[in-house]
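# Observations on the model geometry
If you want the building blocks of each chain, they are given just below.
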Amino acid sequence: MRSIVLLLLFFCANETIALTMGDAINTAGRQRMLSQRITQSFILTGIQPENQRYQKQLRKCVSEFQSNLDALASMPEGASLTQDLLTVRQLWADFKPVALGPVSKVAAADLYKQSSPLLTAAHAYVGKLEKLANTSSAELINVSGRQRMLSQRIAKNYLAYYWQLDNNSLKHLYSDLAEYELMLSYLKESDLNTEDIMRKIMKTEGHLRYAAKGFDGDMTLKGDRLIFVITGTTDIMLRNMDEITRMYATLLDTQNQIVSR
């Protein structure tokens, strides 16, 4: 029995180490998104404490952020970026206890504030991974991965506005909407896009327009119902961009395999 357990641990360890460059950029990019989704989930838990789904979502995202950090640390190609990853770890060490601590409006405002430097550090690390990869598809993974983050930061800023956590949250929300739309147009123009990627991008454009109606007050919904619609729509945007990012990651790994032959 002990030998079976050790064998399983061996394979798990190898799976952690065996990140391709495409996987690494994708995984590191998810850290940006998770920093915003964790904060969003924390605020939602405060606004709707009776909804167990948000608490489960919060714990799941915290767990993924931690496991992603460990996976990235074990990637041999990223050894030159150890200090950059350490910066993310240090900020995470302060962020994580708040995210898993008692939920209150004060704690939510604190987490909201901490989410920005954690995001900045995670984004810087992704950028350096992109430079290491040095291909056009690496840039596409970075940009599309950032769209995942923006979808969650849009929702986070709306919730911060709703719960009155930050006076500038609405301004940040509209800035993120503009950036999301701009970068979606940028991705649309890529010569590397497949039919599947283009189809996903077009769907995401439709969801963006729908979410914007809620922010502009064009929907008749209010309160909890509007929160449900907006967070649900931004989650669909997240899933679409996650699939697109994985497709770009596959393109990068395919290019690397061709070069290495």
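Residues numbered from 1 in each chain as written. Predicted model: local features only at pLDDT ≥ 70, side-chain atom pairs only at ≥ 80, totals over all residues. Heavy atoms only, no water.

On to the pattern of salt bridges. Side chains that differ in sign of charge can pair as their charged atoms come close. Across all of its chains, the model carries twelve salt bridges by this definition. In this structure, the salt-bridge partner of Arg37 is Asp235, at a minimum N-O distance of 2.8 Å. Of the two residues, Arg37 is situated in helix H2 (residues 21–47) and Asp235 in helix H9 (residues 223–260); the sequence distance between them amounts to 198 residues. For Arg37, a relative accessible area of 12% puts it in the buried group. Asp235 gets classed as buried once you look at its relative accessible area, which sits at 11%. (Salt bridge = Lys/Arg side-chain N within 4 Å of Asp/Glu carboxyl O. Helix = DSSP H or I, 4+ residues; strand = E, 2+ residues; numbered from the N terminus. Buried < 20%, exposed > 50% of the residue type's maximum accessible area, 1.4 Å probe, protein only.)

Next up on the list: helix H6 (residues 136–162). If you check H6, its first and last C-alpha atoms are 39 Å apart, about what 27 residues at 1.5 Å a residue would give, namely 39 Å. Of all 27 residues in H6, 23 are buried, a share of seventy percent or more. (Expected span 1.5 Å × (residues − 1).)

Take unusual backbone geometry next. If you check the backbone angles, Gln164 has positive phi at about 60° while not being a glycine. One can find Gln164 in the loop between H6 and helix H7 (169–188).

To continue, consider the packing of aromatic side chains. Tallied over the full model, the rule gives three aromatic pairs. Between Phe65 and Trp92 the ring centres are 4.0 Å apart and the planes differ by 15°, which places this aromatic pair in the stacked class. Note that Phe65 is positioned in helix H3 (residues 52–73) and Trp92 in helix H4 (residues 82–99), a separation of 27 residues in sequence. Ring-pair connections join several aromatic residues into one group, and the members of that group are Phe65, Trp92 and Phe95. Of note, Lys156 hangs over the ring of Tyr112, and the distance from its end group to the ring centre comes to 4.6 Å. (Phe/Tyr/Trp six-rings, centres within 6.5 Å; stacked < 30°, edge-to-face > 60°. Lys NZ or Arg CZ within 6 Å of the ring centre and 35° of its normal.)

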